[in-house]
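Tertiary structure, described
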Amino acid sequence: MKPAIAYIRVSTAKQGRSGLGLEAQQAALARFAAAEGFEFGQTFTETQSGKHDESHRPALAAALDLARRQGVPIIVAKLDRLSRDVHYISGLMKHRVPFIVAELGADTDPFMLHLYAALAEKERALISRRTKDALAAAKARGVRLGGLRPKGVEVQKEARERAERLRLVFGELAALSARKAADELNRRKILAPAGGKWFAAQVMRVRRRLNSPKSESRRARAKAMMKRGGVFRG
């Protein structure tokens, strides 16, 4: 088994107390370690915003120090557990400690980590800009703002339903990174939600939907109904 250090971060004290996010990261890291042959010598966990550097994140600073001394990688479940800021992630690489993101696979090199971080940051900026522009245009037309419109609710519902139809096969691929899962879905000739080939980003979006509180609640209600011999209707 290859030695490594695990790092887990949740953003709020509420998440830390409830286990939301924490347990999901622990499970993802355990699956990844088993699939890739890693053994965690130590796991560092903290509740802190990803906006802060390691001077405000003592667990990350301790993980970096131990990894540097032992010459082992730090493994996180998702890239945003390190930070959502591409410049901060770039700074982490200067510590010369290997970082592995379970969601992206063990073979993702630093250049690809930079690229994924830059793409994620760009996508967030574009979404934010489009949202602000759309709200401003709606307000100018006299539209009352606040909450999702019926069309938006319907779109979200359809996306969740598409994800639910994929739950079984995604469960089979849970131990794979997003890229490897996409390759396997394409090998099985399973079409992506919009049709065509799967890519890592699409796999990550479906996984987020399947792990969302609403999705977990629906699954729990369905199981309870099935045990009682009833029919679950959503």
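Structure: see above.
Residues numbered from 1 in each chain as written. Predicted model: local features only at pLDDT ≥ 70, side-chain atom pairs only at ≥ 80, totals over all residues. Heavy atoms only, no water.

So, the overall build of the protein
From N to C terminus, the protein includes 10 helices and four strands. Element order for the protein, N to C, with α for helix and β for strand: β-α-α-β-α-β-α-β-α-α-α-α-α-α. Within the protein, the fraction of its 234 residues that count as buried is 34%. Pairs at least 24 residues apart make up 65% of the contacts formed inside the protein by residues separated by at least 6 positions. Per element, the accessible surface of the protein, about 14,400 Å² overall, is 57% carbon and sulfur. (Helix = DSSP H or I, 4+ residues; strand = E, 2+ residues; numbered from the N terminus. Buried < 20%, exposed > 50% of the residue type's maximum accessible area, 1.4 Å probe, protein only. Contact = heavy atoms within 4.5 Å. Areas by Shrake-Rupley, 256 points an atom, 1.4 Å probe, with all protein chains shown as cover.)

Comments concerning a nonpolar patch on the surface
A cluster of nonpolar side chains, contributed by Phe-111, Leu-115 and Leu-119, occupies part of the molecular surface with about 310 Å² of accessible area. Looking at the element boundaries, Phe-111 is found in helix H5 (residues 110-140). Using a relative accessible area of 59% as the deciding quantity, one classes Phe-111 as exposed. (Patch = residues over 30% accessible without salt bridge, like charges linked within 9 Å, V, L, I, M, F, W, Y side chains within 5 Å. Salt bridge = Lys/Arg side-chain N within 4 Å of Asp/Glu carboxyl O.)

Considerations on the side chain of Glu-184
Here Glu-184 shows up in helix H8 (residues 178-187). Aside from chain neighbours lying at most four places away, what touches Glu-184 is Leu-173 and Leu-176.

Quick look at the packing of helix H4 (residues 86-93) against H5
For the pair H4 and H5, interaxial distance at closest approach is 9 Å and the crossing angle is 165°. If you check the angle between H4 and H5, you find them roughly antiparallel. Here H4 and H5 pass one another in a crossing that is right-handed. Here Val-86, Ile-89, Ser-90 and Met-93 of H4 lie close against H5, whose contacting residues are Pro-110, Leu-113, His-114, Ala-117, Ala-118 and Glu-121. When the residues that make up the contact of H4 with H5 are grouped by side-chain class, the tally is seven nonpolar, two polar and one charged. (Axes fitted to C-alpha atoms, helices over the stretch in contact; angles between N-to-C directions. Parallel < 35°, antiparallel > 145°, perpendicular 65-115°, else oblique. Left-handed = near helix turned anticlockwise from the far one by under 90°. Nonpolar A, V, L, I, M, F, W, Y, C, P; charged D, E, K, R; others polar.)

Re the nonpolar core
Counting residues in hydrophobic clusters, the biggest one holds 42 residues, and the most contacted among them are Ile-74, Phe-170 and Trp-198. Counting residues per element, this core draws most heavily on helix H3 (residues 58-70), which supplies six residues. Setting aside residues no more than four positions away along its own chain, Ile-74 makes contact with Ile-5, Tyr-7, Ala-63, Leu-64, Ala-67, Val-97, Pro-98, Phe-99 and Ile-100. Counting residues in each nonpolar core, the second largest holds 14 residues, with Ala-6, Ile-8, Val-10 and Ala-102 among its members. (Core = buried A, V, L, I, M, F, W, Y, C linked by side-chain atoms within 4.5 Å.)

Examining the sheet that holds strand E2 (residues 38-47)
Across the sheet, which stays open at both edges, the four strands sit in the order E2-E1-E3-E4 with parallel pairing between neighbours. Bordering the open sheet on either side are E2 and strand E4 (99-101), each of which pairs with just one other strand. The sheet shows a mean angle of 30° between the axes of neighbouring strands, taken without regard to direction. As paired elements, strand E1 (residues 2-10) and E2 share nine bridges and run parallel to each other. Bridging across to E2, Ala-6 finds its partner in Thr-43. Across the sheet, H3 is in contact with E1, E2, strand E3 (74-76) and E4; its angle to E2 comes to roughly 155°. (Pairing = 2+ DSSP bridges.)

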